[in-house]
Amino acid sequence: MNVSEKFNVRGLELRLAEAEATIEALLSGQIDAMIDNESRTPVLLAQAQEAVSRERDRAQRYLDTPEVILLALDLEGRITLINRYACSILGWAAEELLGRNWFDVCSPVDSQHRLKKSFHNLLAGDLAIVENPIVNRAGGERLIEWRNTLLRDEADQVIGTFSCGTDITERRLSEANLRQTTSDLLERTKSLELQTAALHASEERTNYALGAARMGVWELDPVTQRITWSDTMAVVFGLTIEQTPKNFEDFIALVHCDDRQLVQDSLARAAHEGTEFKEEFRVCWPDGTSHWITSQARMRQHDDNAPAHWLGIGTDISDQKALEAQFRQAQKMEAVGQLAGGVAHDFNNLLTVILGYSDIVLGTFEPQDRRRQQLAAIIEAGRRATGLTKQLLAFSRKQVLQPKVIDLNSLVNGMDDMLRRLVGENVDLVSVLANELGSVRADLGQIEQVLMNLVVNARDAMPQGGRLSIETANVELETSSIRDMEIAAGPYVMLAVNDSGSGMSNTTKQHLFEPFFTTKEQGKGTGLGLATVYGIVKQSGGYIWVYTELGEGTTFKIYLPRSYDHDKSEKRTSENESMMVGTETVLVVEDEEAVRLLTRSILETAGYRVFDAAHPILAQALFKEHGNIFNLLVTDVIMPGLSGPKLFETLSAQYPDLKVLFVSGYTDDTIVHQGQLNPDVEFLQKPFTATALRRKVRNILDQ
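Residues numbered from 1 in each chain as written. Predicted model: local features only at pLDDT ≥ 70, side-chain atom pairs only at ≥ 80, totals over all residues. Heavy atoms only, no water.

(A) Representation of the overall build of the chain. What the chain contains, in helices and strands, is 21 helices and 24 strands. A buried classification covers 41% of the 703 residues belonging to the chain. Counted over contacts in the chain with a minimum sequence separation of 6, partners at least 24 positions apart contribute 61%. For the chain, the computed accessible surface area is about 39500 Å², with 51% contributed by carbon and sulfur atoms. (Helix = DSSP H or I, 4+ residues; strand = E, 2+ residues; numbered from the N terminus. Buried < 20%, exposed > 50% of the residue type's maximum accessible area, 1.4 Å probe, protein only. Contact = heavy atoms within 4.5 Å. Areas by Shrake-Rupley, 256 points an atom, 1.4 Å probe, with all protein chains shown as cover.)

Okay, here's the thing in structure tokens:
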């Protein structure tokens with residue numbers, strides 16, 4: 001029931017007006033009668049009072065009957081009329097409220113100013129329906145919907161307001177609850193939509209991740225033998241979705257014939273023992289290639305512990321297997337390299353003594369002396385042995401590279417005449433050189449050796465002649481293209497040698513860079529050519545790639561990091577023997593006695609004052625005894641107890657003018673970084689000649 005059905009405000013106003021008129025008429029008549037007959041006055045007054053009381057009771061019943069708030073206020077907001085229902089809500093008696101300011105008594109403190117302003121707007125004629133709170137005697141609040149009208153006197157002047165209010169607190173709470181419920185439903189719907197979208201996104205991410213990892217999911221019913229695959233599992237087996245097997249028999253047919261029994265036995269054993277199935281095996285792709293798969297699964301069971309079905313994953317690990325093979329090969333190469341480096345180190349000390357003393361003795365013979373030719377043969381054999389040790393050091397990556405900026409196009413052009421003589425007239429040598437080729441930073445002599453070794457191998461692969469091409473190019477290696485290459489992504493310069501020769505088998509290719517492995521006839525190859533190439537390229541920070549097929553020729557591609565540095569011009573050194581002498585004081589520190597005595601002898605014959613020490617501790621004692629008389633320290637790099645660089649670091653802290661020359665057959669990381677000589681380090685490679693030692697010492701002292 002709405003407010004108008006509960007109570008008609010206009011009807012109430014008419015009844016109040018009727019009562020007032022009746023009372024006024026009665027009073028008027030009774031007053032006239034009182035004038036006519038003063039003796040009847042008390043009776044008439046009593047009748048009038050009774051009439052007024054009846055009309056008031058009658059009016060009050062009209063006011064108290066509806067369950068609405070009826071409120072009349074004067075122009076100041078004082079209460080002039082209030083019904084019983086309003087009093088029951090407010091907790092006040094009507095007598096306690098009449099005459100008091102409505103807003104001060106029955107409005108919340110924080111709303112009083114706003115409500116008073118709204119009351120003034122009402123007096124000005126704003127009769128809009130409003131919702132305002134009221135506060136009861138106990139401090140509780142209720143929300144009231146007000147319908148307002150203005151009260152006027154006989155002159156039509158506004159004398160106050162009359163308002164009808166309906167308690168809408170519960171209704172608003174219900175509406176709020178309904179809105180909240182609706183909002184909650186919308187939020188739940190939205191949440192479900194988001195969860196659904198997230199589920200789809202998760203499935204998409206999962207499928208993408210599985211595909212990127214080359215992994216798939218499979219299920220197998222042990223009773224029906226029905227097998228179910230994910231889409232990504234089909235890719236692992238090189239199949240389309242339509243080609244996926246529907247039962248275990250079809251699946252096992254995809255397994256390599258040598259591994260089928262292994263898979264079947266392992267799966268049966270896992271089912272019998274209640275353990276996980278985990279196995280690595282090969283599968284055959286439709287294109288005929290074999291791929292390694294690792295699969296892992298567990299049996300899901302019913303509530304009664306009866307087997308339900310297998311749930312497992314399968315992953316393509318072909319790349320991992322290839323990397324493992326590469327790692328094993330690298331370990332083998334590293335072990336051989338360590339052995340080769342150690343042998344070369346000791347052998348270089350022997351060659352240093354042989355070549356050094358031979359060079360000294362050769363200088364004492366007259367030109368016509370017959371022994372001169374014999375000694376020259378010894379020196380030549382020693383130099384050839386030096387070449388072998390250099391190859392061993394190159395393979396083991398323990399030779400000291402002295403890099404500078406190189407233009408590979410200039411290097412190829414500079415070697416063109418020599419290479420053409422090397423390959424002969426029946427080989428068509430072609431150079432395809434890139435324009436604006438980037439530079440590389442490497443040891444010039446070592447890269448020349450790489451190119452020459454590759455060209456010689458290409459020539460030997462074409463005994464009847466053929467075509468040999470040398471190519472250069474700028475390349476940018478991306479991460480996706482170097483997954484199987486031991487090299488970082490970035491800019492490189494490529495040097496390629498391609499021949500149309502006999503090619504190589506896979507077996508030969510697997511052993512290609514191993515030292516002493518050769519396919520040439522006995523006595524015609526050392527097996528160090530490609531091992532040397534491999535070591536030089538690796539130590540230069542590059543990568544070597546080979547493609548070959550029997551009867552289809554071979555291509556070697558070498559990738560060297562592109563360099564953007566610029567070398568300083570090298571100082572010219574004098575070759576005049578008379579200028580390679582001196583009177584300075586030199587300390588030689590070398591643990592190998594024969595090399596130490598040879599070094600001392602060479603320097604003393606050149607006029608230098610020489611001290612020698614067999615151990616770094618003895619060298620420190622000599623410095624302590626003789627002070628700063630030493631101009632130069634000549635020291636081996638690798639010695640027991642204290643390395644040459646550490647010895648120099650200790651001594652130079654006390655004698656900052658001391659200069660140093662490091663001598664070694666090969667070095668560790670003390671004076672080199674990744675096999676390349678650190679800047680401003682003076683180094684002499686063993687074995688050395690007397691002339692090379694004297695020249696190096698003189699150049700250092702003259703700096």
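(B) Layout of the packing of aromatic side chains. Here the structure, examined in full by the defined rule, presents eleven aromatic pairs. Each ring, one from W229 and one from F237, has its centre 4.6 Å from the other, and the planes form 40 degrees; the classification is tilted. Residue classification places W229 among the buried positions, given a relative accessible area of 12%. What makes F237 buried here is its relative accessible area of 2%. With 5.3 Å between their ring centres and 80 degrees between their planes, F611 and F630 make a pair best called edge-to-face. With F611 in strand β19 (residues 609-613) and F630 in the loop between α19 (616-626) and β20 (632-636), this residue pair connects regions lying 19 residues apart in the sequence. (Phe/Tyr/Trp six-rings, centres within 6.5 Å; stacked < 30°, edge-to-face > 60°.)

(C) Examining the sheet that holds strand β4 (residues 141-152) more closely. The five strands are arranged β2-β1-β5-β4-β3 in an open sheet whose pairing can be described as antiparallel. Either end of the sheet is taken by a strand with one partner, and the two such strands are β2 (79-82) and β3 (130-135). Taken pair by pair, the neighbouring strands of this sheet meet at an average axis angle of 35 degrees, ignoring direction. By the bridge criterion, six bridges tie strand β1 (residues 69-74) to strand β5 (residues 158-167) in an arrangement that is antiparallel. The residue bridging L70 from the neighbouring strand is C164, located in β5. (Pairing = 2+ DSSP bridges. Axes fitted to C-alpha atoms, helices over the stretch in contact; angles between N-to-C directions.)

(D) Region of the structure containing the packing of helix α14 (residues 408-423) against helix α15 (residues 444-460). At their nearest, the axes of α14 and α15 sit 11 Å apart, and the two run at 40 degrees to each other. By the criterion of interaxial angle, the relationship of α14 to α15 is oblique. Judged by the twist between their axes, the crossing of α14 over α15 is right-handed. In contact with L408, L411, V412, M415, M418, L419, L422 and V423 of α14, α15 contributes L444, I447, E448, L451, M452, V455, V456 and R459. A class-by-class count of the residues in the contact of α14 with α15 yields 14 nonpolar, no polar and two charged. (Parallel < 35°, antiparallel > 145°, perpendicular 65-115°, else oblique. Left-handed = near helix turned anticlockwise from the far one by under 90°. Nonpolar A, V, L, I, M, F, W, Y, C, P; charged D, E, K, R; others polar.)

(E) How the structure looks around α19. Taken as a whole, α19 has its buried residues at P616, A619, L622 and F623. Angularly, the buried residues of α19 cover 110 degrees about the axis, an arc narrow enough to put them on a single face. Every exposed residue of α19 that faces more than 90 degrees away from the buried side is listed here: I617, K624 and E625. Directly after α19, the chain includes G627, whose backbone phi takes a positive value near 70 degrees. (Arc of directions from axis to C-beta.)

(F) Layout of the nonpolar core. In terms of nonpolar packing, the biggest core is built from 38 residues, with L451, L468, I470 and F556 touching the most fellow members. Apart from residues lying up to four places away in sequence, L468 is in contact with V423, V427, D428, L429, V430, V455, A458, R459, M462, V497 and N498. The next biggest cluster of nonpolar side chains, apart from the first, holds 23 residues, and it includes L220, I252, A270 and W310. (Core = buried A, V, L, I, M, F, W, Y, C linked by side-chain atoms within 4.5 Å.)

(G) Structural context of the pairing of β20. With respect to burial, β20 is a largely interior element, five of its five residues being buried. Of the two faces of β20, the one holding L632, V634 and D636 and the one holding L633 and T635 are both buried throughout. Both strand β18 (residues 585-589) and β20 contribute to a ladder of four bridges, which runs parallel. By the bridge assignment for β20, V588 is matched with V634. Here β20 runs beside strand β21 (residues 659-664); their pairing, made up of five bridges, is parallel. Counted as the bridge partner of T635 is F662 from β21.

(H) Examining the pairing of strand β13 (residues 439-442) more closely. Of the two faces of β13, only the one carrying V440 and A442 is buried; S439 and R441 on the other face are not. One ladder, built from two bridges, connects β13 with strand β17 (residues 553-563); its direction is antiparallel. Bridge pairing links V440 to R562 in β17.

(I) Region of interest: the packing of helix α18 (residues 593-605) against helix α21 (residues 690-702). Between α18 and α21, the shortest axis-to-axis distance is 10 Å and the interhelical angle comes to 65 degrees. One element, α18, and the other, α21, form an angle in the roughly perpendicular class. Note that α18 runs across α21; the crossing there is right-handed. Facing T599, I602, L603 and T605 of α18, the residues of α21 in contact are A690, L693, R694 and V697.

(J) Local environment of the sheet that holds β20. With respect to topology, five strands assemble into an open sheet ordered β19-β18-β20-β21-β24, the strand pairing being parallel. The strands lining the two open edges of the sheet, one partner per strand, are β19 and β24 (683-685). Taken pair by pair, the neighbouring strands of this sheet meet at an average axis angle of 20 degrees, ignoring direction. Running over the sheet, helix α20 (residues 644-654) touches β18, β20 and β21 and is turned about 155 degrees from β20. Lying on the sheet, α21 is in contact with β20, β21 and β24; it crosses β21 at an angle near 155 degrees.

(K) Quick look at the pattern of salt bridges. By the definition in use, this model includes 23 salt bridges. In this structure, R152 engages D156 in a salt bridge whose closest nitrogen and oxygen atoms are separated by 3.8 Å. R152 gets classed as partly exposed once you look at its relative accessible area, which sits at 43%. For D156, a relative accessible area of 49% corresponds to the partly exposed category. One connected set of salt bridges, linked through shared partners, spans E131, E145, R147, R171, R172 and E175. (Salt bridge = Lys/Arg side-chain N within 4 Å of Asp/Glu carboxyl O.)

(L) Structural view of a negative patch on the surface. Taken together, the side chains of D346, D591, E592 and E593 define an acidic patch exposed on the protein surface. With respect to the helices and strands, the residue D346 is situated in helix α12 (residues 318-364). Accessibility expressed as a relative area gives 47% for D346, which makes it partly exposed. (Patch = residues over 30% accessible without salt bridge, like charges linked within 9 Å, V, L, I, M, F, W, Y side chains within 5 Å. Lys, Arg positive; Asp, Glu negative; His and termini not counted. Charge placed at Lys NZ, Arg CZ, Asp CG, Glu CD.)

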